[in-house]
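# Descriptive structure summary
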Amino acid sequence: QVQLVQSGSELKKPGASVKISCKASGYTFTHYAMNWVRQAPGRGLEWMGWMNTNLGRPTYAQDFTGRFVFSLDTSVSTAYLEITNLEADDTAVYYCAPTYPRMYYFDYWGQGTPDTVSS
Amino acid sequence: QSALTQPASVSGSPGQSITISCTGTSRDVGAYDFVSWYQQFPGEVPKLILYEVGYRPSGISDRFSGSKSGTTASLTISGLQPEDESHYYCQAYTSGGTWVFGGGTKVTVL
């Protein structure tokens, strides 16, 4: 069965960087794109972008360019989200969610990684 | 890409039906029938309850139904039950090949 295991909670200071991992199992990693979704405290879901796991090509949503970087290690079926120069507004839970080509919904989600940015 | 518009809150009594709207544009909700709905309880992961406007994944109650007209999609919960009290988010695939979520609706069972 499809499983997505994300790395644990993070506590970072403003200006630092964080790298969140999402390890996939139960399917062929490079057959599904990997999406990233942010949810700030008490707020809604925001689609951050997706990673073409076959080509290693990222696509970022308009609000998530510059400080946000998607990457992969296909040898261990893991996707990464790195956020640099952290700001307080980056405090959120970050989710990974794979999508299969021509399946336009997220039926599997990682458990979420809370990231708190505070001095 | 702006978030899809949902009412902040909807409430109903047990047994009633409620409908949550999700309004977008011709570039998202109106572009394709690729509208999904998610249920999220506090502290939990979002759960897919409808996809492609009105299809239910296995195990989802048939009290949840969906429809779409133009640039507005709707989620209807029939026979409202206390366990339906949750947040609900719509999502659409856009003509630009991206996704966009709605702002979310809190459903309260009175």
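See above for the structure.
Here we summarise the structure given alongside this text.

## Regarding the overall build of chain A
Counting its regular elements, chain A contains 0 helices and 10 strands. Its helices and strands in sequence order give chain A the pattern β-β-β-β-β-β-β-β-β-β, from N to C terminus. Relative to the 2.2 N^0.38 estimate, which gives 14 Å for 119 residues, the radius of gyration of chain A is 14 Å and therefore close to what a compact globule would have. Seen through its principal axes, chain A has C-alpha atoms that stretch 40 × 30 × 25 Å. Of all 119 residues assigned to chain A, the portion counted as buried reaches 47%. Pairs at least 24 residues apart make up 53% of the contacts formed inside chain A by residues separated by at least 6 positions. Carbon and sulfur atoms provide 46% of the accessible area of chain A, an area that totals close to 5600 Å².

## Regarding the interface of chain B and chain A
Listed as interface residues are 20 residues of chain B and, on the opposing side, 20 residues of chain A. Across the interface of chain B and chain A, roughly 1600 Å² is buried in total on both sides, 67% from carbon and sulfur atoms. The three residues of chain B that bury the most area against chain A are Val45, Trp99 and Phe101 of chain B, which together make up 37% of that side's buried surface. The interface formed by chain B and chain A holds 5 residue pairs in polar contact (both at pLDDT 80 or more) in total. When contributions to the side of chain B that touches chain A are tallied by element, the ones reaching two or more residues are strand E3 (35-40), strand E7 (86-93) and strand E8 (99-101) of chain B.

## Concerning the environment of Gly66 of chain A
Checked against the element boundaries, Gly66 of chain A lands in the loop between strand E6 (57-60) and strand E7 (68-73). Along the backbone, Gly66 of chain A and Asn35 of chain A are 31 residues apart, and their C-alpha atoms lie at a distance of 17 Å.

## Looking at the sheet that holds strand E8 (residues 78-83) of chain A
Residues and elements named next belong to chain A. What the 4 strands build is an open sheet, ordered E1-E3-E8-E7; its pairing is antiparallel. Each end of this open sheet is capped by a strand with a single partner; those strands are strand E1 (3-6) and E7. Looking at each pair of strands side by side, their axes are set apart by 20° on average, direction ignored.

## What to know about the state of the cysteines
Disulfide: a covalent bond formed between the sulfur atoms of two cysteine residues. Within this structure, the stated rule accounts for 2 disulfides over all chains. Cys22 of chain A shares a disulfide with Cys96 of chain A; S-S distance 2.0 Å. Torsion about the S-S bond of the Cys22 of chain A and Cys96 of chain A cystine: about 75°, corresponding to right-handed handedness. Highlighted residues: Cys22 of chain A in strand E3 (residues 18-25) and Cys96 of chain A in strand E9 (residues 92-99), separated in sequence by 74 residues. Of the residues examined, Cys22 of chain A reaches a relative accessible area of 0% and is grouped as buried. Judged by relative accessible area, which is 0%, Cys96 of chain A ranks as buried. Across the disulfide from Cys22 of chain B sits Cys90 of chain B; the S-S distance is 2.1 Å. Its torsion about the S-S bond being 80°, the disulfide of Cys22 of chain B and Cys90 of chain B is classed as right-handed.

## As for the nonpolar core
Core analysis: the largest hydrophobic core is formed by 42 residues, its most contacted members being Met34, Trp36, Phe106 and Trp109 of chain A. Here this core gets 5 residues from one element, more than from any other, and that element is E9 of chain A. Sequence-distant contacts of Phe106 of chain A, that is, excluding residues within four places in its chain, are made with Asn35, Val37, Trp47, Ala97 and Thr99 of chain A together with Tyr38, Leu48, Gln91, Trp99 and Phe101 of chain B.

Cut-offs applied
- Residues numbered from 1 in each chain as written.
- Chains lettered and ligands numbered in written order.
- Predicted model: local features only at pLDDT ≥ 70, side-chain atom pairs only at ≥ 80, totals over all residues.
- Heavy atoms only, no water.
- Helix = DSSP H or I, 4+ residues; strand = E, 2+ residues; numbered from the N terminus.
- Rg over C-alpha atoms; globule rule 2.2 N^0.38 Å.
- Buried < 20%, exposed > 50% of the residue type's maximum accessible area, 1.4 Å probe, protein only.
- Contact = heavy atoms within 4.5 Å.
- Areas by Shrake-Rupley, 256 points an atom, 1.4 Å probe, with all protein chains shown as cover.
- Buried area = accessible area lost by both parts, 1.4 Å probe.
- Polar contact = N/O pair within 3.5 Å; in protein donor to acceptor, adjacent residues only side chain to side chain.
- Pairing = 2+ DSSP bridges.
- Axes fitted to C-alpha atoms, helices over the stretch in contact; angles between N-to-C directions.
- Disulfide = S-S within 2.5 Å.
- Core = buried A, V, L, I, M, F, W, Y, C linked by side-chain atoms within 4.5 Å.

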